[in-house]
Amino acid sequence: MPLLQQVAFILLLTVAVYLFVRKVREIRRNIFLGSSTMRSGSERQRWRNVLLLALGQKKMFRKWIPAVLHLLVYAGFLIINIEILEIVLDGILGTHRLFMVPMGGSYVLLIGFFEILAVLVILGCVFFLARRNILRIRRFHSPEMTRWPRSDANIILLAEIVLMLLFLTMNAADQAAQRTTNPGLRTGTFPVSGLLATLFGGWSASALRALERTCWWLHIAGVLAFLNYLPYSKHLHIILAFPAAYYKRLTPSGEMTNMPAVQREVKLMLDPSAAADSASDALPAKFGARDVADLSRKNLMDAYSCTECGRCTAACPASQTGKRLSPRKIMMDTRDRLETLGKTSRDASPPQDQEKLLLDGYISAEELNACTSCSACVKECPIGLDPLDIILQLRRYLVMEESRAPAAWNDMFGNIENNRAPWKFSPDEREQWIN
């Protein structure tokens, strides 16, 4: 590779890595706007979640066909990009197929394996494009899936197809060029590109080298562009699925965190002598969450990790009965508000937008009150995200800070306080209920 091309490659690589790191640091700062939460539970169970949910995609296999294809696309794309290491070193050092000579015959086997995976990735991407745009699966066309969220998946799928085709064409042009300059070279060294190389039988060596170099540059530029697209896309879950699975709560889903001060008041109500030892508990500064900064860092990381697949909304009984609630929208709104707040907090000139907070500004009370706390959304999420916890925190603020519970709920609260049961019957008459 000429020196000028080496310099251009190093400059391209440096700019791409810099932009990616800058965006990742920005996302990290946004997540750290949330409150810190103590991690509890077995480390062994957490690593098991990483292996089964993030790496093994266990929950995806409730539907085998899309699960297998998704695993092929995911694993294939990651494994194939191991060859990016060779491309990067070739670009920096000005070499060509640096690993071919040291690896010998195993290099041919490895690239051949990559090429077979590339074909499977292309087939998987075509299948997923058909599901979204021809079969039009319902959960991909919900109201919250507007122009950008709907286009995001198509952009990624098309980009993966193009990158795989560039990879195969690059190898095919390289082999065809070698056969042109070395007629005695045996054909079929690589299983897929070896067949494609026959399509370039009448090309000159210089034209083939130009095609190979063009595909090489487009492939590496495409990979670096893909890298910088990820942090702006729902496909950030490719990275965040692993920490999200690791920090997944190990307690039962839907279990709310007790507030010691409130718990003391309940104990005092039920038995004044039972809470004497906790009389010094201070009241919390705020009940629940009004904005993203009131949520935990795990909640905010979940929002960035959401794949927008819609399995949570498809399983939500409130959503299926026509209510406005969509757990996917809850995650998307949280991420959108976090991005806005993060941008505002880094810019000292404009004041923070206090009129459009997460509660009411993005997520309405009607959506929160529709939730039955059944945990179907948590159960269905492929990587174990928890939109229910965000809903409960927002609803806790709605009820305990603003007293905006529905009238039927207030009646129930009053009955529990006065009668120690949701029903309007005196505790002295409780035995009559069974008659």
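(A) Quick look at the overall build of the protein. Scanning the protein from N- to C-terminus turns up 20 helices and zero strands. A compact globule built from 435 residues would reach a C-alpha radius of gyration of about 22 Å, whereas the protein, at 28 Å, exceeds it by more than 25%. Each principal axis of the C-alpha distribution contributes one length, and for the protein these read about 100 × 55 × 40 Å. For the protein, buried positions account for 45% of its 435 residues.

(B) Quick look at the packing of helix 3 (residues 64–80) against helix 7 (residues 147–181). Closest axis-to-axis distance for the helix 3/helix 7 pair is 12 Å, and the angle between their directions is 45 degrees. Classified by the interaxial angle, the pair formed by helix 3 and helix 7 is oblique. Helix 3 and helix 7 meet at a crossing whose hand is left-handed. On helix 7, the residues touching Val-73, Phe-77 and Ile-80 of helix 3 are Glu-160, Leu-163, Met-164 and Phe-167. Class assignment for the residues of the contact of helix 3 with helix 7 results in six nonpolar, no polar and one charged.

(C) Examining the nonpolar core more closely. The biggest cluster of nonpolar side chains holds 49 residues, and the ones touching the most others in it are Ile-80, Met-164, Phe-167 and Ile-220. If you list the elements that add at least two residues to this core, you get helix 1 (3–31), helix 3, helix 4 (83–93), helix 6 (105–133), helix 7 and helix 9 (205–229). By residue number, the principal contributor to this core is helix 7, which donates 13 residues. By size, the runner-up hydrophobic cluster in this structure holds 46 residues, among which are Val-292, Leu-388, Ile-390 and Leu-392.

(D) Region of interest: the packing of aromatic side chains. Counting across every chain of the model gives 10 aromatic pairs. With a centroid separation of 5.5 Å and an interplanar angle of 65 degrees, the aromatic rings of Phe-127 and Phe-128 are classed as edge-to-face. Since its relative accessible area comes to 27%, Phe-127 is described here as partly exposed. Judged by centre distance (5.1 Å) and plane angle (90 degrees), the rings of Tyr-246 and Tyr-247 are edge-to-face. Residue Tyr-247 is classed as partly exposed on the basis of its relative accessible area, which comes to 37%. Through successive ring pairs, a cluster of aromatic residues spans Phe-9, Trp-216 and Trp-217. In this structure, Arg-132 packs its charged tip against the face of Phe-140, placed 4.0 Å from the ring centre. Above the ring of Tyr-362, the side-chain terminus of Lys-356 is found at 5.0 Å from the ring centroid.

(E) Geometry of the packing of helix 4 against helix 9. Two numbers describe how helix 4 lies on helix 9: the axes approach to 11 Å, and their chain directions differ by 115 degrees. For the crossing formed where helix 4 meets helix 9, the hand is left-handed. Judged by residue contacts, Glu-83, Ile-84, Ile-87, Val-88, Asp-90 and Gly-91 of helix 4 engage Trp-216, His-219, Ile-220 and Val-223 from helix 9. Residues that form the contact of helix 4 with helix 9 fall into these classes: six nonpolar, two polar and two charged.

(F) Fine view of helix 4. Along helix 4, the positions that sit buried rather than exposed are Glu-83, Ile-84, Glu-86, Ile-87, Val-88, Asp-90 and Gly-91. Looking at the packing, one finds that the buried side of helix 4 touches helix 1, helix 3, helix 5 (100–103), helix 6, helix 7 and helix 9. Phi turns positive one or two residues past the end of helix 4, at Gly-94, with a value near 75 degrees.

(G) Broad picture of unusual backbone geometry. A positive phi angle, near 50 degrees, is found at Arg-136, a position not held by glycine. Among the secondary structure elements, Arg-136 is positioned in the loop between helix 6 and helix 7. The phi angle at Ser-403 is positive, at roughly 50 degrees, despite the residue not being glycine. Locating Ser-403 in the fold gives a position in the loop between helix 19 (387–400) and helix 20 (407–419).

(H) Representation of the side chain of Ser-319 in the model. Topologically, Ser-319 is positioned in helix 14 (residues 317–320). Setting aside residues no more than four positions away along its own chain, Ser-319 makes contact with Thr-313 and Leu-325.

(I) Layout of the pattern of salt bridges. Inspection of the entire model under this criterion finds 17 salt bridges. With its nearest N and O atoms 3.2 Å apart, the salt bridge here joins Glu-380 to Arg-62. Here Glu-380 is found in helix 18 (residues 376–380), whereas its partner Arg-62 is found in the loop between helix 2 (43–55) and helix 3, with 318 residues between them in sequence. By relative accessible area, Glu-380 is classed as partly exposed at 24%.

Criteria and cut-off values
Residues numbered from 1 in each chain as written. Predicted model: local features only at pLDDT ≥ 70, side-chain atom pairs only at ≥ 80, totals over all residues. Heavy atoms only, no water. Helix = DSSP H or I, 4+ residues; strand = E, 2+ residues; numbered from the N terminus. Rg over C-alpha atoms; globule rule 2.2 N^0.38 Å. Buried < 20%, exposed > 50% of the residue type's maximum accessible area, 1.4 Å probe, protein only. Axes fitted to C-alpha atoms, helices over the stretch in contact; angles between N-to-C directions. Parallel < 35°, antiparallel > 145°, perpendicular 65-115°, else oblique. Left-handed = near helix turned anticlockwise from the far one by under 90°. Contact = heavy atoms within 4.5 Å. Nonpolar A, V, L, I, M, F, W, Y, C, P; charged D, E, K, R; others polar. Core = buried A, V, L, I, M, F, W, Y, C linked by side-chain atoms within 4.5 Å. Phe/Tyr/Trp six-rings, centres within 6.5 Å; stacked < 30°, edge-to-face > 60°. Lys NZ or Arg CZ within 6 Å of the ring centre and 35° of its normal. Salt bridge = Lys/Arg side-chain N within 4 Å of Asp/Glu carboxyl O.

Geometric descriptors of this kind do not, in isolation, establish any biological role.
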